[in-house]
Amino acid sequence: MDYLTLTYVALGCYLCGSLPTAYVAGRILKGVDIRTVGSGNVGASNAMRLLGKGWGVTVLLIDALKGLIPLLIILHIWLKGHPHVQRYALIGALACMVGHIFPVWLKFRGGKGVATGLGVMTALLPIAVAVALPVFILVVYVSRYISLGSITAALVLPAAFFIDHDLASSPELFAFVAVACVFVIYKHKSNIKRIIAGQENRLGDKKSPPL
């Protein structure tokens, strides 16, 4: 691998991922720092509570595109045909998620990586995402817990990996998927505690969850 290309991939994807969509939307639309309201999370679910469903979905889509577009450029335009294209893409995917979770612009306090993770996984594993995404939607529809839908999808995705991949031929890809999903679940540890305690905010509720 070329270290200069590696630097460009990592830095470019980090900067794309670090764009604080929910923070900017909160400031522009409400004049509010989203870190001071609701769950304090700089992500789509908290943006939905602050700005409403329409803007919340818009934030989610933009956050997903922060991961999808850079990965598509790496895989299908910039480094297409390169013998190490998948490794560059995995490094770029990690950088996108790290950028979203730890954005330099907000003193490294960002979101939980779900939407941006959706974007990078769609680029890397479109079939697995096509399985996990309906599960997310179904769980959110039934439970009205966005966090529970995210956790469930993160559990399903590594299993869905094996629909069109095998561990022998794609060990690095599976390792990335597994670690990324475990980390997303870990970032939801406070949500899990609130769900167990019956204190988690449901989709459509007016009351915000405790910090």
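The rules we used
Residues numbered from 1 in each chain as written. Predicted model: local features only at pLDDT ≥ 70, side-chain atom pairs only at ≥ 80, totals over all residues. Heavy atoms only, no water. Core = buried A, V, L, I, M, F, W, Y, C linked by side-chain atoms within 4.5 Å. Buried < 20%, exposed > 50% of the residue type's maximum accessible area, 1.4 Å probe, protein only. Helix = DSSP H or I, 4+ residues; strand = E, 2+ residues; numbered from the N terminus. Contact = heavy atoms within 4.5 Å.

1. Observations concerning the nonpolar core
Judged by nonpolar contacts, the single largest core of 37 residues is most densely connected at Leu71, Met121, Leu124, Leu157, Phe176 and Val177. Mapped onto this core, the elements with two or more residues apiece are helix 1 (3–17), helix 4 (53–78), helix 5 (85–101), helix 6 (114–124), helix 7 (126–143), helix 8 (146–160) and helix 9 (171–187). Residues contacting Met121, with those up to four places away along its chain left out, are Pro126, Val129, Leu157, Phe176, Val177 and Ala180. If you look at the next biggest cluster of nonpolar residues, it comprises 11 residues, including Ala22, Ala25, Val42 and Ala47.

2. Some details on unusual backbone geometry
Positive phi, close to 65°, is recorded for Phe108, a residue that is not glycine. Counting through the fold element by element, Phe108 comes out in the loop between helix 5 and helix 6. For Arg144, which is not glycine, the phi dihedral falls at a positive 65°. By the element assignment, Arg144 lies in the loop between helix 7 and helix 8. Judged by its relative accessible area of 35%, Arg144 falls in the partly exposed class.

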